[in-house]
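Examination of the molecular architecture
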Amino acid sequence: MIGPKIPKPSPADEKRAYEAMTFRDQNRCTRCLAYGVQRDHRQNRQSGNTVVSNLQGLCPACHQWKTENPSAAILEGFAVPRWADWGFWPAWREDVRSWVLYYDAPDSEGRWWSEITETVADMLMRGTALEEGT
């Protein structure tokens, strides 16, 4: 069965997503904490996926590393496979030294993500978390 069609973000929505990601990440690389980042799509850019939960700030060196090492970037939480849902794909944040799941807007307490354990991150990446009810 085909699910409901999700509207594509407008250019203004995409601009707001980039600005929100820059604010969320405080213009620091999520991998090495360097200042001055490039706006990166966790799952390679395609129509409709420029949303805050699919964006991260990476410094030029880490962005190049991600591009040159796609398998390692997935395992280390800085890339999302094409087949995966970026909203449920764990990301690593060096500033909190934790795995997280990103939100598209801050929650009622102003948080842009929820921290998850390494075990849950591993289960999500293996596709077993939903099967086991975690």
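Residues numbered from 1 in each chain as written. Predicted model: local features only at pLDDT ≥ 70, side-chain atom pairs only at ≥ 80, totals over all residues. Heavy atoms only, no water.

Focus on the side chain of Lys-66
Along the polypeptide, Lys-66 turns up in helix H2 (residues 60-68). The class of Lys-66 is buried, set by a relative accessible area of 7%. For Lys-66, the side chain forms a polar contact with the main-chain oxygen of His-41, separated by 2.6 Å. If near-sequence neighbours (up to four positions away) are discounted, Lys-66 is found in contact with Asp-40, His-41, Arg-42, Gln-56, Leu-58, Ala-73, Phe-78 and Ala-79. (Helix = DSSP H or I, 4+ residues; strand = E, 2+ residues; numbered from the N terminus. Buried < 20%, exposed > 50% of the residue type's maximum accessible area, 1.4 Å probe, protein only. Polar contact = N/O pair within 3.5 Å; in protein donor to acceptor, adjacent residues only side chain to side chain. Contact = heavy atoms within 4.5 Å.)

Focus on the nonpolar core
In this structure, Cys-29, Trp-99 and Ile-116 are the most contacted members of the largest nonpolar core, which totals 21 residues. Broken down by secondary-structure element, the contributors of at least two residues to this core are H2, strand E4 (98-102) and helix H4 (118-126). Here this core takes three residues from H4, the largest share from any one element. In this structure, Tyr-18, Met-21, Leu-55 and Ala-91 belong to the second largest nonpolar core, which totals 11 residues. (Core = buried A, V, L, I, M, F, W, Y, C linked by side-chain atoms within 4.5 Å.)

Overview of the pattern of salt bridges
Evaluated as defined, the whole model comprises 10 salt bridges. The partner of Asp-25 in a salt bridge is Arg-24, and the shortest N-O contact between them spans 2.8 Å. For Asp-25, a relative accessible area of 3% puts it in the buried group. For Arg-24, a relative accessible area of 4% translates into the label buried. Across the pair Lys-66 and Asp-40 runs a salt bridge whose closest N-O atoms are separated by 2.7 Å. Placement of Lys-66 in helix H2 and of Asp-40 in strand E1 (residues 38-41) is noted, with a sequence separation of 26 residues between them. As far as the burial class goes, Lys-66 and Asp-40 line up, both buried. Through salt bridges with shared partners, a single ionic network connects Arg-24, Asp-25, Arg-93 and Asp-95. (Salt bridge = Lys/Arg side-chain N within 4 Å of Asp/Glu carboxyl O.)

Just distances and angles here, no functional claims.
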